[in-house]
Amino acid sequence: MPGLLRGVARTAVVAGTATAVSNRVSRRQQGRWAAQQEQQYAAPPPPPAAAPAPAGSDMSGKIDQLKQLGELKDQGVLTEAEFEEQKRRILES
């Protein structure tokens, strides 16, 4: 009978150790897989924002163009319809 108990105890120790090792390996693998998935599905960093164009110089350029259009209209070079069309294009750009 003592041999039987010793055999059962040894089996329990081996089985318990194997289970503990197996669980530890599984947890480590799951942690690694989770880290890989996070890296895979992580959103790429947003592209750097483009520097906005200086509003003052852009607006002053439009104002100059509108003044020139007004002068051309006053001189009779442009009709009212042509003037409105060109003005619309300048303001939309």
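(A) Focus on a positive patch on the surface. A contiguous patch of positive charge on the surface is contributed by Arg24, Arg27, Arg28 and Arg32. In this structure, Arg24 sits in helix H1 (residues 2–41). Classification of Arg24 as exposed rests on a relative accessible area of 52%.

(B) Representation of the packing of aromatic side chains. Evaluated as defined, the whole model comprises zero aromatic pairs. One Lys or Arg, Lys73, reaches over the ring of Phe83 and ends 5.0 Å from the middle of that ring.

(C) Representation of the pattern of salt bridges in the model. Counted by the stated rule, this structure contains five salt bridges. The closest approach of N and O atoms between Lys73 and Glu80, which form a salt bridge, is 2.9 Å. Where Glu85 meets Arg88, a salt bridge forms, and the shortest distance between an N and an O atom there is 2.5 Å. Here Glu85 and its partner Arg88 are both found in helix H3 (residues 80–92), three residues apart, which amounts to about one turn of the helix.

Quick notes on the rules
- Residues numbered from 1 in each chain as written.
- Predicted model: local features only at pLDDT ≥ 70, side-chain atom pairs only at ≥ 80, totals over all residues.
- Heavy atoms only, no water.
- Patch = residues over 30% accessible without salt bridge, like charges linked within 9 Å, V, L, I, M, F, W, Y side chains within 5 Å.
- Areas by Shrake-Rupley, 256 points an atom, 1.4 Å probe, with all protein chains shown as cover.
- Salt bridge = Lys/Arg side-chain N within 4 Å of Asp/Glu carboxyl O.
- Lys, Arg positive; Asp, Glu negative; His and termini not counted.
- Charge placed at Lys NZ, Arg CZ, Asp CG, Glu CD.
- Helix = DSSP H or I, 4+ residues; strand = E, 2+ residues; numbered from the N terminus.
- Buried < 20%, exposed > 50% of the residue type's maximum accessible area, 1.4 Å probe, protein only.
- Phe/Tyr/Trp six-rings, centres within 6.5 Å; stacked < 30°, edge-to-face > 60°.
- Lys NZ or Arg CZ within 6 Å of the ring centre and 35° of its normal.

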